[in-house]
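# Architecture and fold: a report
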Amino acid sequence: ALRGSFAPKAEKPNQMSHYGLRVQASYKVAILGAAGGIGQPLALLIKMSPLVSALNLYDIANVKGVAADLSHCNTPSQVLDFTGALELGNCLKGVDVVVIPAGVPRMPDMTRDDLFNINANIVKTLVEAVADNCPDAFIHIISNPVNSTVPIAAEVLKQKGVYDPKKLFGVTTLDVVRANTFVAQKKNLKLIDVDVPVIGGHAGITILPLLSKTKPSVSFTDEEIEELTVRIQNAGTEVVEAKAGAGSATLSMAYAAARFVESSLRALDGDGDVYECSYAQSDMTDLPFFASRIKLGIKGIEAQIPSDLQGLSEYEEKALEALKPELKASIEKGIAFVQKQP
Ligand code: NAD
Ligand code: LMR
């Protein structure tokens, strides 16, 4: 959760945070696609972080007003706006964390992969600029299809000679947020205590909640497992259908992305106890990219947690094998997209 981030603590620079470190607003964050459905509420939530000193908002249009509006909040970060390709480089200079929610969302009856043709190019172009201007930044990819856009970003960074697999993240936090919510509701648990790891990828059956590893330990019937797993896998579609043509999840996504940003900033700030699920380059399976729990540190991914894949239930073992072909194809599609370009 956005622990402790709602009070402007950095106005008292020597104040200690709940985890015993000094809270100072010192990190620069950029949002690319900041005027969009996710970008605007995400910018608001990041504006509330006591760890952020500068918030750079980039979009191809409409970002000036968003920045003017946000800049009146009396929290520490300075908000700047950047419009269009000519201003992208300046937006990214010196940035510690870049969040990318730029691109088109799904309409009903579309899969995330149907967004590939438009969003692949958008992500490629934006990551090229990240490589040129802030190659050491943590990069958080939200744009769908995440299963392919993260491999696209990795290839772009490789071509530019600046790929650091520990700093490229597909944001799958929303899957964890949803799993926690649905499990807490179903089992009548205190929401704040519930933590369900979600592994694999971020589309349909590639989203695999490990209900057997729910904390606190809780038992489910076979029917509950099936019902919860399917609901978590289809939760994006649930929102797309409810919005009926007006896009996909934006508010819950902004909440989830803000949590992942805050976790990244806490890790950069020296907190040694930061764990999140994310879709990244991985040794956990035979697939080159895979979402699982990671430990975040100053240099990005400090460790994967191989024991998370041990002791899975039979249901989870089967689902893991079943998701691999689809995830593999999405990864290969992303890599091929960059490699086939002249
Ligand atoms: P939106 O259409 O409301 O906003 C997208 C923004 O991106 C717009 O402001 C648009 O101007 C901007 N944009 C388009 N091309 C750009 C470019 N070349 N450079 C910079 N900005 C550009 O869409 P949204 O609802 O905010 O969703 C954005 C993306 O996030 C979609 O691809 C959606 O599928 C994805 N998404 C991912 C998750 C996840 O869990 N990872 C969850 C929800 C949505
Ligand atoms: C989500 O999970 O809500 C996003 O990936 C958006 C979508 O298209 O479902």
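Predicted, not measured: the structure shown is a model, and the values here were computed from it.

### Some remarks on the overall build of the protein chain
Helix and strand counts for the protein chain come out as 10 helices and 11 strands. A compact globule built from 342 residues would reach a C-alpha radius of gyration of about 20 Å, and the protein chain, at 19 Å, matches this within 12%. In terms of its C-alpha atoms, the protein chain occupies a principal-axis envelope of roughly 50 × 50 × 40 Å. Burial statistics for the protein chain: of 342 residues in total, 49% are counted as buried. Partitioning the contacts of the protein chain with sequence separation of at least 6, the portion at a separation of at least 24 is 69%.

### Some points on the packing of helix 1 (residues 39-47) against helix 9 (residues 251-268)
Two elements in contact, helix 1 and helix 9, have axes separated by 8 Å at closest approach and are oriented at 40 degrees. The hand of the helix 1/helix 9 crossing is right-handed. Along the contact surface, helix 1 presents Pro 41, Leu 42, Leu 45 and Ile 46, while helix 9 presents Leu 251, Ala 254, Tyr 255, Ala 257, Ala 258 and Val 261. Residue classes in the contact of helix 1 with helix 9 are distributed as 10 nonpolar, no polar and no charged.

### Quick look at the pairing of strand 1 (residues 27-32)
Most of strand 1 is tucked away: 6 of the 6 residues are buried. Across the two faces of strand 1 the burial is the same, with Tyr 27, Val 29 and Ile 31 and Lys 28, Ala 30 and Leu 32 all buried. Of the pairings in the sheet, the one linking strand 1 to strand 2 (residues 52-59) comprises 6 bridges and is parallel in character. Note on strand 2: the bridge partner recorded for Leu 32 is Tyr 58. Note that the unit made of strand 1, helix 1 and strand 2 has a crossover that is right-handed. Summarising the sheet, strand 1 and strand 4 (residues 97-100) pair through 3 bridges and their orientation is parallel. Bridge pairing in strand 4 links Ile 31 to Val 99.

### A few points about the nonpolar core
In this structure, Val 29, Leu 57, Val 98, Ala 153 and Ala 257 are the most contacted members of the largest nonpolar core, which totals 101 residues. In contact with Ala 257, not counting residues within four places along its chain, are Ile 38, Leu 42, Val 99, His 140, Ile 142, Val 171 and Thr 173.

### Let's talk about helix 5 (residues 146-159)
Taking 1.5 Å of rise per residue, the 14 residues of helix 5 would be expected to cover 20 Å, and the 20 Å separating its terminal C-alpha atoms lies within 8% of that figure. Burial within helix 5 is extensive, with 12 of its 14 residues counted as buried. Listed in full, the buried residues belonging to helix 5 are Val 146, Asn 147, Ser 148, Thr 149, Val 150, Pro 151, Ile 152, Ala 153, Ala 154, Glu 155, Val 156 and Leu 157. Considering only its buried residues, helix 5 is in contact with helix 4 (116-133), strand 5 (138-141), strand 6 (168-170), strand 9 (274-281), strand 10 (289-297) and helix 10 (314-339). Directly beyond the C-terminal end of helix 5, a positive phi value near 75 degrees is found at Gly 161.

### Some details on the UniProt feature "domain: Lactate/malate dehydrogenase N-terminal" (unreviewed entry) in the protein chain
UniProt's entry tags residues 28-170 with the feature "domain: Lactate/malate dehydrogenase N-terminal" (unreviewed entry), counted in the numbering of this structure. Summarising residues 28-170: 38% helix, 21% strand, and an end-to-end C-alpha distance of 20 Å.

### Section: the site of ligand 2
Every residue close to ligand 2 is listed here: Pro 105, Arg 106, Arg 112, Asn 144, Leu 174, His 202, Gly 236, Thr 237, Val 239, Val 240, Ser 248 and Ala 249. Among the elements that take part in the shell around ligand 2, helix 8 (residues 235-243) stands out by supplying 4 residues, more than any other. In terms of residue class, the shell around ligand 2 is built from 5 nonpolar, 5 polar and 2 charged.

### Describing the site of ligand 1
Around ligand 1 there are 32 residues in total, and Gly 33, Gly 36, Gly 37, Ala 102 and Asn 144 lie nearest to it. The biggest single contributor to the shell around ligand 1 is helix 4, with 3 residues. Residue classes in the shell around ligand 1 are distributed as 18 nonpolar, 12 polar and 2 charged.

### Some points on the UniProt feature "domain: Lactate/malate dehydrogenase C-terminal" (unreviewed entry) in the protein chain
What UniProt calls "domain: Lactate/malate dehydrogenase C-terminal" (unreviewed entry) maps, in this numbering, to residues 172-338. Along residues 172-338 one finds 47% helix and 17% strand; the C-alpha atoms at either end are 23 Å apart.

### Some thoughts on the pairing of strand 11 (residues 300-304)
Pairing between strand 10 and strand 11: 4 bridges, direction antiparallel. Among the inter-strand pairings, Leu 296 is bridged to a residue of strand 11, identified as Ile 301. With antiparallel pairing between neighbouring strands as the criterion, strand 10 and strand 11 make up a hairpin whose turn holds 2 residues.

Rules behind the numbers
Residues numbered from 1 in each chain as written. Chains lettered and ligands numbered in written order. Predicted model: local features only at pLDDT ≥ 70, side-chain atom pairs only at ≥ 80, totals over all residues. Helix = DSSP H or I, 4+ residues; strand = E, 2+ residues; numbered from the N terminus. Rg over C-alpha atoms; globule rule 2.2 N^0.38 Å. Buried ≥ 20, exposed ≤ 12 C-beta atoms within 10 Å, placed from the backbone. Contact = placed C-beta atoms within 7 Å. Axes fitted to C-alpha atoms, helices over the stretch in contact; angles between N-to-C directions. Left-handed = near helix turned anticlockwise from the far one by under 90°. Nonpolar A, V, L, I, M, F, W, Y, C, P; charged D, E, K, R; others polar. Pairing = 2+ DSSP bridges. Right-handed = clockwise from strand over helix to strand, strands pointing away. Core = buried A, V, L, I, M, F, W, Y, C linked by C-beta atoms within 7 Å. Expected span 1.5 Å × (residues − 1). UniProt positions renumbered as here; feature names shortened; annotations may be inferred. Near = placed C-beta within 6 Å.

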